[in-house]
Amino acid sequence: SLEALKEGKITDVFVKEGESVQKDQVIARIVNPDDEREIAEVKGQSKLVQARLAVLDAKRIYWLERYEEDKRLADKKVISRDEFQKTELSFRTLEEERDVLKAELAVLGEKLLGLEKERNEGVVTSPISGSVISDIQEKYGTFATKGKFLLTLASPEQRLEFFLAEEDYGRVDVGDPAKIKFYPLPNKTFRGRVVALKHYAEPVDKHGFKKNFIKVSIDVEDFPKGIRNGMTAKVRIKGRPVSLLNGIRRRIG
């Protein structure tokens, strides 16, 4: 399931339900008007600073030549040291003004990079190669809040995913065998094997309480035809046994 990473208007949708997508393919675009306005302002400020810097760069050519010439004349005592120091002061002042503008331009550049990075979070890409199994077209033109559900992608791999209670995490390993019963096929049992356990827990609302679960992936042998994404299954994994103390605690709970 893909969610919006930022808030804004969904201005473009490039896929339809049932279409195949490749990993990193652009699926949709979310635009925040405030971001676009701020980017335009920073770009405008940068152009003004660049124009002022260009003027000073042009002046620098003259003042550098003047400075070097007056220094040569002062060394030969053709002009006084006071005259040379006036030229030197003008040249140094010009250099300081250029340094200030360069620093301002660098700050604006960093700010623009940050804003454009934030804007790129509105470009929704596919994290896997697979197919679109929900209709994102209906969300075109709507406003998306951060974390809003956008669409579901299905991997071509025939896998089953489910949430494992965190207290059972240490009892299950990659490679453990599993037996699966799909609710639409109650009289058939399928075999499988644990192929992945997520390295982080996810909070899930269960009976009004938040509880941590770990997502587990199982490869299913002879994956049955007719089973669709989102259907329910019962999974029994042959892992390490629960301790006597833990078993008593669970019965009490």
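Residues numbered from 1 in each chain as written. Predicted model: local features only at pLDDT ≥ 70, side-chain atom pairs only at ≥ 80, totals over all residues. Heavy atoms only, no water.

A.B. asks: I keep staring at the layout of surface pockets and nothing clicks. Help me out?
C.D. replies: Where empty space is left in the structure can be found by rolling a water-sized probe over the atoms. The calculated volume of the largest pocket comes to roughly 1800 Å³. Every residue lining the largest pocket is counted, 46 residues in all, and those nearest its centre are R159, L160, E161, F162 and K215. Residue assignment for the lining of the largest pocket shows that the elements contributing at least two residues are β6 (130–132), β9 (153–154), β10 (159–165), β12 (190–197), β14 (209–220) and β15 (233–237). The leading source of residues in the lining of the largest pocket is β10, at seven residues. Of the residues in the lining of the largest pocket, the class split is 23 nonpolar, twelve polar and eleven charged. Looking at the second largest pocket, its volume works out to about 210 Å³. Around the second largest pocket sit S1, L2, E3, A4, L5, N120, E121, V123, V124, T125 and G147, which together line it. Secondary-structure elements contributing two or more residues to the lining of the second largest pocket are β1 (2–3) and β5 (123–125). Here the lining of the second largest pocket gets three residues from one element, more than from any other, and that element is β5. Here the residues of the lining of the second largest pocket are counted per class, giving five nonpolar, four polar and two charged. (1 Å grid on protein atoms, 1.4 Å probe; cavity = no way out; pocket = protein on both sides within 12 Å on 5 of 7 lines; lining within 4 Å. Points joined across faces, edges and corners; volume = space filled by probe spheres on them. Helix = DSSP H or I, 4+ residues; strand = E, 2+ residues; numbered from the N terminus. Nonpolar A, V, L, I, M, F, W, Y, C, P; charged D, E, K, R; others polar.)

A.B. asks: How do you make sense of the side chain of S217 when you look at a structure like this?
C.D. replies: As for its placement among the helices and strands, S217 is situated in strand β14. Accessibility expressed as a relative area gives 7% for S217, which makes it buried. (Buried < 20%, exposed > 50% of the residue type's maximum accessible area, 1.4 Å probe, protein only.)

A.B. asks: How should helix α2 (residues 81–120) be read in this particular structure?
C.D. replies: The periodicity of an α-helix, 3.6 residues per turn, causes residues three or four places apart in sequence to face the same way. Between its terminal C-alpha atoms α2 stretches 58 Å, which fits the 58 Å expected from 40 residues at 1.5 Å a residue. Every buried residue belonging to α2 is among F84, T87, F91, L94, E95, R98, L101, L108, L112 and L115, and all of these are buried. (Expected span 1.5 Å × (residues − 1).)

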